[in-house]
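Structural overview for review
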Amino acid sequence: MKKSLKIIGIVIIIIGIMIAFAFIWVDGLMKDQAKTKKTMKVVLNSYDNFNNRVEEFSEIRNQFYEYKENLFLETLSESVDAWNDFMSKYADNIKEVEKASKNLKKNCFIKYGDVGTNTKCTAFKANYEAAMNYYITDIKIYNELVDEYSKWNEQQESKYKNLEKGTLPVYKKYIDFDKDGEYFGKEEVEKNE
């Protein structure tokens, strides 16, 4: 009889331990789910802000190519201040894209149980990489133009204002942000130029 009471006691203790572990596991799972839902909400809200900054970047980039299309060294000498201001605005814009990407960069490298969140993260990675690489290409093109202008200005005995080179405030080299082996935004512009 004593032996069977001992066995029953041990079984009850084991069941109690298993229930305690199950409770701890379920509690941890629920906390993790709540944290994940909160993170997904941050991703969705951050994406809207990021997307707006990328759209602004796209508009400024279109202006850049529109202005550049009708640009000659002689006319550039008449609009040096405007170009210096425009390129400063362009650099500020890419900084805004970077600032808006902060939460997404932190939270978009895991897979979520929500298709909408995963889609936003995929779009973020592609748009972020493209924006940064497009900007680098544009600055390289612009700085080549600045070099040509500087040589031309020297030939004109430096009678015109100096044109400032564009800056690379975020990345100095092309990026492969999503680590897919391609530098989205790099080659496309080079082929079109």
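To be clear, the structure that these remarks concern was listed above.
Here's what I pulled together on the structure shown here. (Residues numbered from 1 in each chain as written. Predicted model: local features only at pLDDT ≥ 70, side-chain atom pairs only at ≥ 80, totals over all residues. Heavy atoms only, no water.)

**Some details on the overall build of the protein chain**
Applied cut-off: Comment: elements are numbered from the N terminus, with helices defined as DSSP H or I runs of at least four residues and strands as E runs of at least two. Here the globule rule reads 2.2 Å times residues to the power 0.38, and the radius of gyration is calculated from C-alpha atoms. Accessible area is worked out with a 1.4 Å probe on protein chains only. A residue is then buried under 20% of its type maximum, exposed over 50%, and partly exposed in between. Contact criterion: two residues are considered in contact whenever any of their non-hydrogen atoms come within 4.5 Å of each other. Under the convention used here, a 1.4 Å probe and the Shrake-Rupley method define accessible areas, while residue burial counts only the protein chains that appear.
Of regular secondary structure, the protein chain possesses six helices and zero strands. Reading the helices (α) and strands (β) of the protein chain from amino to carboxyl end gives α-α-α-α-α-α. A globule of 193 residues ought to have a C-alpha radius of gyration of about 16 Å, yet the protein chain, at 28 Å, is considerably larger. Projected onto the principal axes, the alpha-carbon positions of the protein chain cover approximately 115 × 25 × 25 Å. The buried share of the protein chain, reckoned over its 193 residues, is 34%. Intrachain contacts of the protein chain at a sequence separation of at least 6 include 77% that bridge at least 24 residues. Carbon and sulfur atoms make up 56% of the accessible area of the protein chain, which totals about 13000 Å².

**Thoughts on the nonpolar core**
Quick reminder of the rule: Only buried residues count toward a nonpolar core, which is a set of Ala, Val, Leu, Ile, Met, Phe, Trp, Tyr and Cys residues joined through side-chain atoms within 4.5 Å.
Phe50 and Trp83 are the most contacted members of the largest nonpolar core, which totals 44 residues. For this core, the secondary-structure elements that each account for two or more residues are helix H1 (2-69), helix H3 (80-100) and helix H5 (115-155). Looking at this core element by element, the count peaks at 16 residues for H5.

**Thoughts on the side chain of Asn133**
Structurally, the position occupied by Asn133 is in helix H5. A relative accessible area of 0% means that Asn133 is categorised as buried.

**Here's the deal with empty space enclosed by the protein**
The probe, sized like a water molecule, is rolled over the atoms to show the empty space still left. To keep it simple, the criterion reads: A cavity, in this analysis, means grid points on a 1 Å lattice covering only the protein atoms where a 1.4 Å probe fits yet has no way out; a pocket is instead an open set bounded by protein on both sides within 12 Å along at least five of seven lines, and a residue lines either one if it has an atom within 4 Å of a point. Grid points are joined across faces, edges and corners, and a volume is the space filled by probe spheres set on the points. Three classes are used: nonpolar for Ala, Val, Leu, Ile, Met, Phe, Trp, Tyr, Cys and Pro, charged for Asp, Glu, Lys and Arg, and polar for all others, with Gly counted as polar.
Counting across every chain of the model gives one cavity of 30 Å³ or more. A class-by-class count of the residues in the lining of the largest cavity yields eight nonpolar, no polar and no charged.

**Digging into the state of the cysteines**
Put plainly, two cysteines are in a disulfide when a covalent bond ties their sulfur atoms together. The criterion, for reference: To count as a disulfide, a pair of cysteine sulfur atoms needs to be within 2.5 Å.
Summed over the entire model, instances satisfying the criterion amount to one disulfide. Put simply, Cys108 and Cys121 are joined by a disulfide, and their sulfur atoms are 2.1 Å apart. Where Cys108 bonds to Cys121 through sulfur, the torsion about that S-S bond is close to -70 degrees, and the disulfide is left-handed. Here Cys121 lies in helix H5 and Cys108 lies in the loop between helix H4 (102-107) and H5, a separation of 13 residues in the sequence.

**Side note on the side chain of Asn107**
Worth spelling out the cut-off: The term polar contact refers here to a pair of N or O atoms within 3.5 Å; inside protein, the definition further demands a hydrogen-donor-capable atom paired with an acceptor-capable atom, and it admits residues adjacent in sequence only when both atoms are side-chain atoms.
Topologically, Asn107 is positioned in helix H4. Polar contacts involving the side chain of Asn107 include one to the main-chain carbonyl oxygen of Asn103, which spans 3.0 Å. Apart from the residues within four sequence positions on either side, Asn107 is in contact with Thr39, Val42, Val43, Tyr112 and Cys121.

**Overview of H3**
Put simply, the rule reads: Multiply 1.5 Å by the residue count of a helix minus one, and that product is the helix's expected span.
For H3, spanning 21 residues, the distance from its first C-alpha to its last is 30 Å, which sits close to the expected 30 Å at 1.5 Å a residue. Listing the buried residues of H3 in full gives Val80, Trp83, Asn84, Phe86, Met87, Tyr90, Ala91, Asn93, Ile94, Val97 and Ala100. Here the buried face of H3 lies against H1, helix H2 (73-76), H4 and H5.

**Quick notes on the packing of aromatic side chains**
Counted only if it meets this: In this analysis, rings of Phe, Tyr and Trp, with Trp reduced to its six-membered ring, are considered paired at centre separations within 6.5 Å, and the interplanar angle assigns stacked below 30 degrees, edge-to-face beyond 60, and tilted for intermediate values. Only Lys NZ and Arg CZ are tested; either one counts as a charge over a ring when it is within 6 Å of the ring centre and within 35 degrees of the ring normal.
In total, this model carries 20 aromatic pairs according to the counting rule given. Taken together, a centroid distance of 4.9 Å and an interplanar angle of 75 degrees make the contact between Phe50 and Phe124 edge-to-face. With Phe50 in helix H1 and Phe124 in helix H5, this pair connects stretches of sequence that are 74 residues apart. Through pairs of rings, three or more aromatic residues link up here, namely Phe57, Phe64, Tyr65, Tyr67, Trp83, Phe86, Tyr90, Tyr135 and Tyr142. The aromatic ring of Tyr134 is capped on one face by Arg61, whose charged end is 4.1 Å from the ring centroid. Over the ring of Phe109 we find Lys125, and its NZ or CZ is 4.7 Å from the ring centre.

Taken by themselves, the reported measurements are silent on function.
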